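# Coordinates in review
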Amino acid sequence: MQSNMPDFRTLLRGAKKSAVHLEMRDQYSVADETEQFAAWKAGHRYSLENRAEWWHPFHDFVVETIARGVTIRRARIVSEPVTEYIRYEHSHTFTNIAAGEQIRWLPRSRALDIALPGADFWLFDSRIVRFNLFTGDGEWADPRNVMTEDPTTADLCTNAFEAVWERAVPHEDFKV
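The structure reproduced in this document is the subject of the present report. Please read these numbers as outputs of a predicted model, since none were measured by experiment.

Attention now moves to the packing of aromatic side chains. Inspection of every chain in the model, using the stated rule, returns 17 aromatic pairs. Each ring, one from tryptophan 40 and one from tyrosine 88, has its centre 5.9 Å from the other, and the planes form 65°; the classification is edge-to-face. Placement of the pair is tryptophan 40 in helix 2 (residues 34-41) and tyrosine 88 in helix 5 (residues 84-91), with a sequence separation of 48 residues. The burial state of tryptophan 40 is the same as that of tyrosine 88; both residues are buried. An aromatic cluster of at least three residues, connected via ring pairs, comprises Tyr28, Phe37, Trp40, Tyr85, Tyr88, Phe134 and Trp140. Over the face of the ring belonging to phenylalanine 61 we find arginine 9, whose NZ or CZ atom lies 4.6 Å from the ring centre. The aromatic ring of tyrosine 28 is capped on one face by arginine 25, whose charged end is 5.8 Å from the ring centroid.

Quick look at the structure:
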């Protein structure tokens, strides 16, 4: 596994068919979300109608990727009752969906018999795995990402994601 790798955009640009993302933490504390999370806790909510407020270059990149024929799916395994952070994340997931991502949620109690890797990951074309590493407090670890093209690891992540996806609840049906 390598910790020095192409950036996320390069990996997504190289995807030909699919990019899937599995998130398994109940809390993230990354610096680039601190202000948004604090605003959400204070009562601020994004609305679909005010796209200028929440649309970011990442959303444009997702739109471009999907226009090339790449499917982007994201699944989140969460504990119940959900944490405050997951309620925050759920409240603005519509922004990812508006860009074209497909998103599902799986209660952790329904994932007990699924073989899962030890960290969140992005998987490109069922071949390249980029693990996202966090500290116990939910901050980015050092290194923050590790990549592998090992076929056994890619198969583990493919099988894990597909098992989660099959059981997971579509975003619009998942209530927090």
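Here the focus is unusual backbone geometry. With an omega of 0°, the peptide bond between glutamate 80 and proline 81 qualifies as cis. Here the residue pair aspartate 142 and proline 143 is connected by a cis peptide bond, since its omega of 0° sits within 30 degrees of zero. Tracing the sequence through the fold places proline 143 in strand 6 (residues 140-148). Despite not being glycine, aspartate 125 has its phi angle at roughly 55°, a positive value. Here aspartate 125 lies in the loop between strand 4 (120-124) and strand 5 (128-134). Of the residues examined, aspartate 125 reaches a relative accessible area of 21% and is grouped as partly exposed. One non-glycine residue, serine 126, lies in the positive phi region at around 55°. Secondary-structure assignment places serine 126 in the loop between strand 4 and strand 5.

The contact between helix 2 and helix 5 brings their axes to 10 Å, and the two run at 95°. The orientation of helix 2 relative to helix 5 falls into the category roughly perpendicular. Taken together, the residues of helix 5 that come into contact with helix 2 (itself represented by Gln36, Phe37, Trp40 and Lys41) are Glu84, Tyr85, Arg87, Tyr88 and Ser91. A class-by-class count of the residues in the contact of helix 2 with helix 5 yields four nonpolar, two polar and three charged.

Time to look at the pairing of strand 6. With five bridges joining them, strand 5 and strand 6 adopt antiparallel strand pairing. Along strand 6, the bridge assignment pairs valine 129 with threonine 148. The loop that links strand 5 with its antiparallel partner strand 6 comprises five residues; one of these, glycine 138, has a positive phi angle of about 90°.

Reading the values: the criteria
Residues numbered from 1 in each chain as written. Predicted model: local features only at pLDDT ≥ 70, side-chain atom pairs only at ≥ 80, totals over all residues. Heavy atoms only, no water. Phe/Tyr/Trp six-rings, centres within 6.5 Å; stacked < 30°, edge-to-face > 60°. Helix = DSSP H or I, 4+ residues; strand = E, 2+ residues; numbered from the N terminus. Buried < 20%, exposed > 50% of the residue type's maximum accessible area, 1.4 Å probe, protein only. Lys NZ or Arg CZ within 6 Å of the ring centre and 35° of its normal. Axes fitted to C-alpha atoms, helices over the stretch in contact; angles between N-to-C directions. Parallel < 35°, antiparallel > 145°, perpendicular 65-115°, else oblique. Contact = heavy atoms within 4.5 Å. Nonpolar A, V, L, I, M, F, W, Y, C, P; charged D, E, K, R; others polar. Pairing = 2+ DSSP bridges.

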